[in-house]
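Residue-level structural notes
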Amino acid sequence: MIRQRLPQQLCGAALAIRGLNCDLGDMDASTFTADKHPNLRADFILANPPFNLKNWRTENELKNDRRWDGYEVPPVSNANYAWILHMLARLSYNGTAAFLLANGALGADAEEYKIRKQLIENRKIEAIIVLPREMFYATDISVTLWIVGNHKKSKKVKREGQEVVLRDRENEILFIDARTLGDGGANEDGYVQLTEADKQKIASTLFAWQSPDWKTLYHDVPEFCYSATMDEIRSKDWSLVPSKYIEFVDRDLGIDYQTEMSRIQNEMKSIMAEEHHSQEVLREAFEGIGYGIE
């Protein structure tokens, strides 16, 4: 459900060569302002909407749109949360949406704060996954993969052709920091790509967390993942920034600072003594050839 920028024929052709059926409506239109699919309810939505889109509506436009029911009207200054509410409005009851947004959408922006808080309180956000930098042509910044749905109660879903039971996750959100993953751009495109092992690591972490056996299968991992409770998120003022929840490993812990300072001081004394000796050797050498050094 992303904005239709290309003429229908080109957009339809792009989807067709990828083996995707499509209904793009009866005319070229903006998904936001001239919705051609008001009754569509999808089981899955994948999207990469424009980041931080400004002036996406006028001040008085779409103020009473039903997609915002129960939420503040998304601000004119940034369409990020309009995309989120738009996709949620198009999901079936058991549907799931996965989409990319700029990391700025995670924090406490004044105009988006109330919408983010309401989304969290309404149990719409399943997982937040921060991706590595330099993955995309249009930007070199790290971006976030959001996974959202209309509810996180226990339910049955299809996964790789198998019926799987998901546990009730209503009072938790999973945070994953994948910024250290990826191939570092060591591929023909030169942009960072997640390896198959990376993808499996992220997916298996999410699936283990969703599993009824999650207490056995899932574990918080410092600097990688953390399952935050609603109480923890509330205490962080409804922030979705993963670093506020995922444990950071202080690699300076366990250092005996007194011993370490003594070692550094001794090394400095040794360096200074060597420097003094070198100066004396130079002085003697110059004096030997008739030059004195003051």
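Attention in this report is confined to the structure presented alongside it. (Residues numbered from 1 in each chain as written. Predicted model: local features only at pLDDT ≥ 70, side-chain atom pairs only at ≥ 80, totals over all residues. Heavy atoms only, no water.)

**A short note on the environment of Ile 115**
On the secondary structure map, Ile 115 appears in helix H3 (residues 110–121). For the pair Ile 115 and Glu 160, spaced 45 residues apart in sequence, the C-alpha separation works out to 33 Å. Sequence-distant contacts of Ile 115, defined by excluding residues within four places in its chain, comprise Tyr 71, Glu 72, Val 73, Pro 74, Pro 75, Tyr 81 and Leu 85. (Helix = DSSP H or I, 4+ residues; strand = E, 2+ residues; numbered from the N terminus. Contact = heavy atoms within 4.5 Å.)

**Considering a nonpolar patch on the surface**
On the surface, a cluster of nonpolar side chains totalling about 370 Å² of accessible area is made up of Met 261, Ile 264, Met 268 and Ile 271. Considering the arrangement of structural elements, one finds Met 261 in helix H7 (residues 257–288). The exposure class assigned to Met 261 is partly exposed, which follows from its relative accessible area of 45%. (Patch = residues over 30% accessible without salt bridge, like charges linked within 9 Å, V, L, I, M, F, W, Y side chains within 5 Å. Areas by Shrake-Rupley, 256 points an atom, 1.4 Å probe, with all protein chains shown as cover. Salt bridge = Lys/Arg side-chain N within 4 Å of Asp/Glu carboxyl O. Buried < 20%, exposed > 50% of the residue type's maximum accessible area, 1.4 Å probe, protein only.)

**Thoughts on unusual backbone geometry**
Apart from glycine, the bulk of residues carry a negative phi angle, and the bulk of peptide bonds sit in the trans form. The phi dihedral of Glu 223 falls on the positive side, at around 65°, and the residue is not glycine. Mapped onto the secondary structure, Glu 223 falls in the loop between helix H5 (214–217) and strand S8 (225–229). Owing to a relative accessible area of 27%, Glu 223 belongs among the partly exposed residues under this scheme. Non-glycine residue Trp 238 carries a positive phi angle of around 65°. Examined against the element boundaries, Trp 238 turns out to sit in the loop between helix H6 (230–235) and H7.

**What to know about the environment of Trp 146**
Looking at the element boundaries, Trp 146 is found in strand S4 (residues 143–149). Given the relative accessible area of 0%, Trp 146 is considered buried. Note: C-alpha distance between Trp 146 and Arg 179 (33 residues apart in sequence) is 15 Å. For Trp 146, the contacting residues outside a window of four places in its chain are Tyr 81, Ile 84, Ala 97, Ala 98, Phe 99, Leu 101, Ala 105, Leu 106, Ile 125, Ala 127, Ile 128 and Leu 240.

**Comments concerning the packing of helix H2 (residues 80–89) against H3**
Interaxial distance between H2 and H3 falls to 10 Å at its minimum, and their mutual angle equals 30°. The pairing of H2 with H3 is recorded here as roughly parallel in orientation. Helix-helix and strand crossings are classified by hand; for H2 and H3 the assignment is left-handed. For the pair H2 and H3, contact is made by Asn 80, Tyr 81, Ile 84, Leu 85 and Leu 88 and by Glu 112, Ile 115, Arg 116 and Leu 119, respectively. In terms of residue class, the contact of H2 with H3 is built from 6 nonpolar, 1 polar and 2 charged. (Axes fitted to C-alpha atoms, helices over the stretch in contact; angles between N-to-C directions. Parallel < 35°, antiparallel > 145°, perpendicular 65-115°, else oblique. Left-handed = near helix turned anticlockwise from the far one by under 90°. Nonpolar A, V, L, I, M, F, W, Y, C, P; charged D, E, K, R; others polar.)

**With respect to H2**
Here H2 lies mainly inside the structure; 9 of its 10 residues are buried. Here H2 has its buried residues at Asn 80, Tyr 81, Ala 82, Trp 83, Ile 84, Leu 85, His 86, Met 87 and Leu 88. Looking at the buried positions of H2, the neighbouring elements they touch are strand S1 (42–47), strand S2 (91–102), H3 and S4.

**Details of the pattern of salt bridges**
The final tally for this structure, using the stated rule, is 8 salt bridges. In this structure, the salt-bridge partner of Arg 169 is Glu 126, at a minimum N-O distance of 2.9 Å. Note that Arg 169 is positioned in the loop between strand S6 (162–166) and strand S7 (172–177) and Glu 126 in strand S3 (residues 125–130), a separation of 43 residues in sequence. Taking the relative accessible area as the measure of exposure, Arg 169 reaches 2% and is therefore buried. As a salt-bridge pair, Glu 170 and Lys 153 come within 3.5 Å of each other at their nearest N and O atoms. Remark: Lys 153 occurs in the loop between S4 and strand S5 (155–159) and Glu 170 occurs in the loop between S6 and S7; sequence separation between them is 17 residues. Its relative accessible area of 22% is what places Glu 170 among the partly exposed residues.

**Notes on the sheet that holds S4**
Spatial ordering of the open sheet is given by S1-S2-S4-S3-S7-S8, a layout of 6 strands whose pairing is mixed. Only two strands of the sheet have a single neighbouring strand rather than two, namely S1 and S8. Here the average twist between neighbouring strands, direction ignored, is 15°. Examined bridge by bridge, S3 and S4 share 5 bridges and lie antiparallel to one another. Within S4, the residue paired with Ala 127 across the bridge is Ile 147. The strands touched by helix H4 (residues 196–210) are S3, S4, S7 and S8; relative to S7, the strand with the most contacts, the crossing angle is about 165°. (Pairing = 2+ DSSP bridges.)

Honestly, that's just the spatial picture; any functional story needs more than this.
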